[in-house]
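# A closer look at the structure
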Amino acid sequence: MDLTTDILDSIVTTNAGPSSEQQSSDSKKSKSKAKSKEKFDKAMYLNWFETMFRIRKFEEKTLEAYGNQKIRGFCHVYIGQEAIAAGMLSALRTDDAVVTAYRQHGIALSRGMSSKECMAELYGKATGCVKGKGGSMHFFSAEHRFFGGNGIVGAQIPIGTGIAFAEKYRGTDKLCVTMFGDGAARQGALYEAYNMAMTWKLPVLYIVENNGYAMGTSVERTSNVVDMYKIGSSFDMPSEAVNGMDPQSVHEAIARAAEHIRAGKGPYFLEIKTYRYKGHSVSDPGNYRSKEEVKAYMEIDPVKVIEKRIIEQKIASETEIEELKDKIKLEMDEAVAFAESSPLPDASWLYTDNYVQEDYPYMKD
Amino acid sequence: MARILKLRDALKEAMIEEMRRDASVFLMGEEVAQYDGAYKVSKGMLEEFGPMRVIDTPIAELGFAGIGVGAAMNGLRPIVEFMTWNFAVLAFDQIVNNAAKTLSQSAGQFNCPIVFRGPSGSAGQLAQQHSQTFESWLGNCPGLKVVSIVDPADAKGLLKSAIRDNDPVCFMESEIAYAWEGEVPDGEYTTPIGVAAVRREGTDVTIVSYNKMMRVALQAADDLAKEGISAEVIDLRTIRPLDYHTLVKSVKKTNRMVVVDESWPMFGVSSEIAYEIQKYAFDYLDAPVLRVNSADTSLGYSSVYVNEYLPNPEKVVKAVKSVMYVKA
């Protein structure tokens, strides 16, 4: 439990204020464990739990289907990081845009995409959210303003900045959440995008989901700067570190950031500290991490922590939680059945969606 | 004596031997050291050579490719591994604008003896961004040499040549073929860059291919043999410079050619070969050169798309029958 205590201490270093000057000094960094807890209502807590439990169960079904070779290719699950999706859902508006990387199933589900269309996509079926064209790494939904699902590390950082640019250009008050992993934070594209976003005061919320490892490389081995929120300071971008194992902390930080951004003050950067319980992808055994470390993080499993809080603080009854769980489990069984029974795409669809021009003359021999 | 080695181990032997031979050679890339390489090509190399010569980088392809170029300009011989050539697209500025042009810009004062290596091409259901080939892209650029291999013995001999080469070499491998085995000679040898290999002799048609599509070409040749058609199969091995002498020599014998190329059809390896053949063997051709490429589209994830997209023996047999004017 000592390691768990250390971890909790290290990830619960949430800064409170939005000003960059405040974050630029370590000495001013508050170490209080989220003292300023707002009172959230029952619906909010149940919403967080449902979102997290849905993602957890979806990913468990994903791993099972992958083991049975129903799902192929690269596959990166979100298990352990669910609190970020849950806190983000409650703190954002549904018309805000989101773009992320390839560890995206959980984010897609939290944005409102259905378990059925997502599972069918993993199965490569015609009924998938992108007709079996994207698979695990590339979900998209124009309806839910989910811009993908990017497979090239860091590519979505400037793209999300551009999505935000378009909102400012059109004069809306929508923002774009641009998510990436700790590995992507070392790509040059981040520095170019951050500079332009701050210069032009674009409505973009950058979130680095720092799960500690870029594939097999720990954050410590990728940079002299391990407190990733500090990357924002050279751009004078307001930046905070956030406990990503608790949807409430995530919600509060994103709500604060969104308010700042919608006020026209430009970008905001959150380093959300989290952990992935599984390997980088299904083919990665994760031998670079100690069993003790994984176990210590299991002690603060966000799904269990929030369930416990709901029960202990009598926010909802155990029966209500069980009913919610049964509903989600049924939803997952239905999603898998839907994916299993859906037809494969038609081979001729290889020649659709490459150009908007419908009669584009492909070179066919 | 020869041994049976997997492609990944043949590549590793080449790197190890060259690093023992020349202290200026080092390996750099994502997960090459502590993780033993994303595809285990560099397994055990950190242990032998230490962290100064087997270097894990952050995910920063443009940056570490550029660091490789600078180190090469200043007297070292870097081997830069890309986890896949798809990620090397971020580094194309350094490969195309710098590695390829340094010698020209400096009027011969600075050369760039660097090897950029990693897997190219599709590797199952990996979807649009992880399934591309890069032989045609980089083969288009003067200043670069481009090697694309599948045979373990070639891989070892050509990688050793690439490391010793005084010009930048882009070296294309295959995720799928890393586990494929082949005979590798014992002892010291190199294989020259720029020379194709005749893998199977034949008299009726020449099938040209490279990298993992060689298996498709050879399978097609087997299938054709059962129907009494004798196919000669050539492994290009090097894309740039292109060994058109070997191709022309073969076509003068067979009078027909089919190119099996995982690249997209337009402006690529297959187009270039067809040009060279019509220029140097026009009077020997009994049929137009045909090609079997990947589809002229992005590749989706579902197995249905993958099967439709890639060249396969059936498509090659059909093309061969077409150039032979035999009914399919």
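The following paragraphs examine the structure supplied in this document. The model shown is predicted, which means the values in this text are computed figures rather than measured ones.

## Thoughts on the sheet that holds strand β11 (residues 231–235) of chain B
Residues and elements named next belong to chain B. In spatial order, the strands read β9-β11-β10-β13-β14; together these five strands make up an open sheet with mixed pairing. Single-partner strands in this sheet number two, and they are β9 (197–200) and β14 (290–293). Averaged over neighbouring strand pairs, the angle between their axes works out to 25° when direction is ignored. In this structure, strand β13 (residues 257–261) lies alongside β14, joined through four bridges in parallel fashion. Bridging across to β14, Val258 finds its partner in Leu290.

## A short note on helix α8 (residues 188–199) of chain A
Residues and elements named next belong to chain A. Its twelve residues place the ends of α8 17 Å apart at the C-alpha level, agreeing with the 16 Å of an ideal helix rising 1.5 Å per residue. Every buried residue of α8 is listed here: Leu190, Ala193, Tyr194, Ala197 and Met198. Projection of α8 onto a plane perpendicular to its axis shows the buried side chains occupying an angular sector of 125°, all on one side. Seen from the buried face of α8, the exposed residues on the opposite side, beyond 90 degrees, are Glu192 and Thr199. In this structure, the buried residues of α8 make contact with α7 (156–170), β3 (176–181), β4 (204–210) and β8 (268–273).

## Considerations on the sheet that holds β4(A)
Two modes of strand pairing occur in sheets, parallel and antiparallel, and in both the strands are linked by backbone hydrogen bonds. All names here are of chain A. Taken in spatial order, the six strands of this open sheet run β2-β1-β3-β4-β8-β7, and their pairing is parallel. One side of each edge strand has no neighbouring strand; the edge strands of this open sheet are β2 (146–149) and β7 (239–243). Adjacent strand axes in the sheet meet at a mean angle of 20° when their direction is disregarded. Direction of pairing for β7 relative to β8: parallel, over a ladder of five bridges. Residue pairing across strands places Glu240 opposite Leu270, the latter belonging to β8. Strands in contact with α7 are β1 (97–100), β2, β3 and β4; relative to β3, the strand with the most contacts, it is inclined by about 175°. Set on the sheet, α8 makes contact with β3, β4 and β8; between it and β4 the angle comes to about 150°.

## As for the interface of chain B and chain A
When the parts of a complex come together, some accessible area is lost, and that lost area is often taken as the interface size. Counting residues at the interface gives 34 residues for chain B and 42 residues for chain A. When the two sides are added together, the surface that chain B and chain A hide from each other amounts to roughly 3,200 Å², 61% of it contributed by carbon and sulfur. Looking only at chain B, the three residues that lose the most surface to chain A are B:Ile59, B:Tyr301 and B:Tyr305, adding up to 23% of its buried area. One can count one salt bridge joining chain B with chain A. Two residues, A:Arg221 and B:Asp56, come together in a salt bridge whose shortest N-O distance is 2.9 Å. Counting every contact that joins chain B to chain A gives 20 residue pairs in polar contact (both at pLDDT 80 or more). Residue assignment for the side of chain B that touches chain A shows that the elements contributing at least two residues are α4 (85–88) and α12 (303–309) of chain B. Here the side of chain B that touches chain A gets four residues from one element, more than from any other, and that element is α12(B).

The rules behind each value
Residues numbered from 1 in each chain as written. Chains lettered and ligands numbered in written order. Predicted model: local features only at pLDDT ≥ 70, side-chain atom pairs only at ≥ 80, totals over all residues. Heavy atoms only, no water. Pairing = 2+ DSSP bridges. Helix = DSSP H or I, 4+ residues; strand = E, 2+ residues; numbered from the N terminus. Axes fitted to C-alpha atoms, helices over the stretch in contact; angles between N-to-C directions. Expected span 1.5 Å × (residues − 1). Buried < 20%, exposed > 50% of the residue type's maximum accessible area, 1.4 Å probe, protein only. Arc of directions from axis to C-beta. Contact = heavy atoms within 4.5 Å. Buried area = accessible area lost by both parts, 1.4 Å probe. Salt bridge = Lys/Arg side-chain N within 4 Å of Asp/Glu carboxyl O. Polar contact = N/O pair within 3.5 Å; in protein donor to acceptor, adjacent residues only side chain to side chain.

On their own, these measurements won't tell you what the molecule is for.
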